[in-house]
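Each chain, written out:
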Amino acid sequence: MKRHIPLAAAAVLVFCSTSARAADWTITDLGPHTGYSEHLPMAINDNGWVVFGNKVMSPGAGGVYQTQTVANILQFYGINNANVAVGMHTSNNAGMVWTSGANASALPTPVGSGGSQAFAINNSGQIAGSISGGPLWGGVRWDPNGAGGYNSSQLGFLMNGSTSSFATGTGVDINNGGTALIPQIWPYYNAARSGTAGTTVISGTDSRDPLGAQPDLRPANFCWNGQCVFLGKAINDANTIVGGANPSTSYTAEYKPFVWTTGGVSMLPVTTPGGGINGFANGINESEVVVGGVWYASYDHRATMWTKSGSGWTQTYLNELLPSGSSWSTLSEAIDVNEKGQIIGLGSYAGATHVFLLTPAIPEPESWAMLLAGLGLLGFVARRRCREGTAG
């Protein structure tokens, strides 16, 4: 027997669901793109602090962003919820850690390496990065030593040293459990493993894989339709990895966005006017909101968000969330997302490439009142129907 929702309650539900689209997002211009390439590594923490290029920025009164530091000799890559940022010294190729009110300090580099880069930091202060030069090329994790410094540990396999040259960032990440995602291109594929004893995550396979002698480190269910060339970009606390899958062994082939869990790999849906499916997933939060970019058409790259529900993944172009009359013409790449759903990336602002911050609005008190009233009305109707059914 069908139950019909009264018109008043239905109106409330429609209001609440539709207003969560473009009208309930705000966009902030964080300034011009200052990177050395088409894309720019950047990160946002749950406090809304942002790092990109040589800047650390924080939200101030009225949502106006303030620059905490501009360090011409530093390139920032990651930031945690304690507002500690990591990156590299661009002059001497050394991994660095920065804290508000203090000077940036160098991280210890393993003996035998020629340099290091720090790309991501978790809320426990563990840092993931890479070492390069000399006889050592590989992933590295720095752990706080309790005395204000760090101990380094190599993650145990070769890299090609080009971690910062792929797509929209580094492909190096670390979650709050200490599992590090480290890319490996040898020469056309990616692998990743954690620096945590007994825990390993592999995000790519290839016959040339130096880990080939250890097949237990490579889940067989990672391949998708015979495709086993994957570049992981981000990992969340559930060890879910997102990135791009290359359908061939060609370095120049286009990537397709994917999400991987221990249960298998799924290609994220891509809908474009021309039927293309090329793109990249760059970031994921604990609510499984995934952000990245898609080739919408030739010479037209669009920032994209994927959200998960019981029916699967849903794709949304971030341009659809722009407020009416916005000075932004096209949002081209989404790079990171925090637990509040705030998204940072790149777009075209007044004809120039700028960094954007897209923020979902918190409903106004009036909206909450309407929602609660609607829910109360639905509850009243349900209880009355139940009583009528019992009486009958």
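You'll find the structure just up there.
Residues numbered from 1 in each chain as written. Predicted model: local features only at pLDDT ≥ 70, side-chain atom pairs only at ≥ 80, totals over all residues. Heavy atoms only, no water.

K.L.:
Would you mind showing me how to read the packing of aromatic side chains here?
P.N.:
Between two aromatic rings, the relevant description is the distance of the centres plus the angle of the planes. Summed over the entire model, instances satisfying the criterion amount to five aromatic pairs. Consider the rings of Y296 and Y317, whose centres lie 5.1 Å apart with planes at 85°: the pair is edge-to-face. Of this pair, Y296 sits in strand β21 (residues 290–297) while Y317 is found in strand β23 (residues 312–317), placing the two residues 21 residues apart along the sequence. When the ring of W328 is compared with that of Y349, the centres are 4.9 Å apart and the planes differ by 55°; the resulting orientation is tilted. Separated by 21 residues along the polypeptide, W328 in strand β24 (residues 328–337) and Y349 in strand β25 (residues 343–349) bring together distant segments of the chain. Overall, Y349 belongs to the partly exposed group, its relative accessible area being 25%. Cluster of aromatic residues (ring-pair linked, three or more members): W328, Y349 and F356. Above the face of the Y296 ring, R302 is positioned so that its terminal group lies 4.0 Å from the ring centre. (Phe/Tyr/Trp six-rings, centres within 6.5 Å; stacked < 30°, edge-to-face > 60°. Helix = DSSP H or I, 4+ residues; strand = E, 2+ residues; numbered from the N terminus. Buried < 20%, exposed > 50% of the residue type's maximum accessible area, 1.4 Å probe, protein only. Lys NZ or Arg CZ within 6 Å of the ring centre and 35° of its normal.)

K.L.:
Before we go on, may I ask you to explain the pairing of strand β10 (residues 115–121) in this structure?
P.N.:
The side chains of a regular strand alternate, first on one face of the sheet and then on the other. The element β10 is largely enclosed, with a buried count of seven among its seven residues. Sheet topology places β10 next to strand β11 (residues 127–132); six bridges connect them, and they run antiparallel. When the bridges of β11 are listed, A120 appears paired with A128. Taking the residues that link successive antiparallel strands as the turn, the β10-β11 hairpin has five residues, and the phi of G125 there is positive, at about 90°. (Pairing = 2+ DSSP bridges.)

K.L.:
Explain the pattern of salt bridges here, please?
P.N.:
Should the charged atoms of two oppositely charged side chains come close, the side chains can pair. Scanning the entire structure with this criterion turns up three salt bridges. Of the charged contacts, one joins D143 and R141 as a salt bridge, the two residues approaching to 3.3 Å between their closest N and O atoms. R141 matches D143 in its accessibility class, with the two residues each being buried. In this structure, K308 engages E288 in a salt bridge whose closest nitrogen and oxygen atoms are separated by 3.7 Å. Remark: E288 occurs in the loop between β20 (279–284) and β21 and K308 occurs in strand β22 (residues 300–309); sequence separation between them is 20 residues. (Salt bridge = Lys/Arg side-chain N within 4 Å of Asp/Glu carboxyl O.)

K.L.:
Would you take a moment to explain the pairing of strand β8 (residues 94–99) for this structure?
P.N.:
Burial runs high along β8: five of the six residues are buried. Relative to β8, strand β7 (residues 84–89) runs antiparallel, the two being bridged by six bridges. What sits directly across from V84, in β8, is T99. In this structure, the hairpin formed by β7 and β8 is closed by a connection of four residues, where N93 is found at a positive phi of approximately 55°.

K.L.:
How should the side chain of T272 be read in this particular structure?
P.N.:
Among the structural elements, T272 can be located in the loop between β19 (264–267) and β20. Engagement of the side chain of T272 in a polar contact is seen with the backbone nitrogen of G276, the distance being 2.7 Å. (Polar contact = N/O pair within 3.5 Å; in protein donor to acceptor, adjacent residues only side chain to side chain.)

K.L.:
Where do I start with the sheet that holds strand β6 (residues 74–79) in this structure?
P.N.:
Each strand in a sheet pairs with another by means of backbone hydrogen bonds, the pair being arranged parallel or else antiparallel. Read from one edge of the open sheet, four strands run β6-β7-β8-β9, paired in antiparallel fashion. Edge positions in the sheet fall to β6 and β9 (105–106), since each of these pairs with one other strand and no more.

K.L.:
Please clarify how the sheet that holds strand β4 (residues 55–59) should be interpreted in this entry.
P.N.:
One open sheet accounts for four strands, arranged β2-β3-β4-β5; its pairing is antiparallel. Every other strand in the sheet has two partners, leaving β2 (42–44) and β5 (65–70) as the edge strands with one partner each. For this sheet the average axis-to-axis angle between neighbouring strands, irrespective of direction, equals 15°. Summarising the sheet, β2 and strand β3 (residues 50–52) pair through three bridges and their orientation is antiparallel. Residue pairing for β3: I44 is matched across the bridge by V50. (Axes fitted to C-alpha atoms, helices over the stretch in contact; angles between N-to-C directions.)

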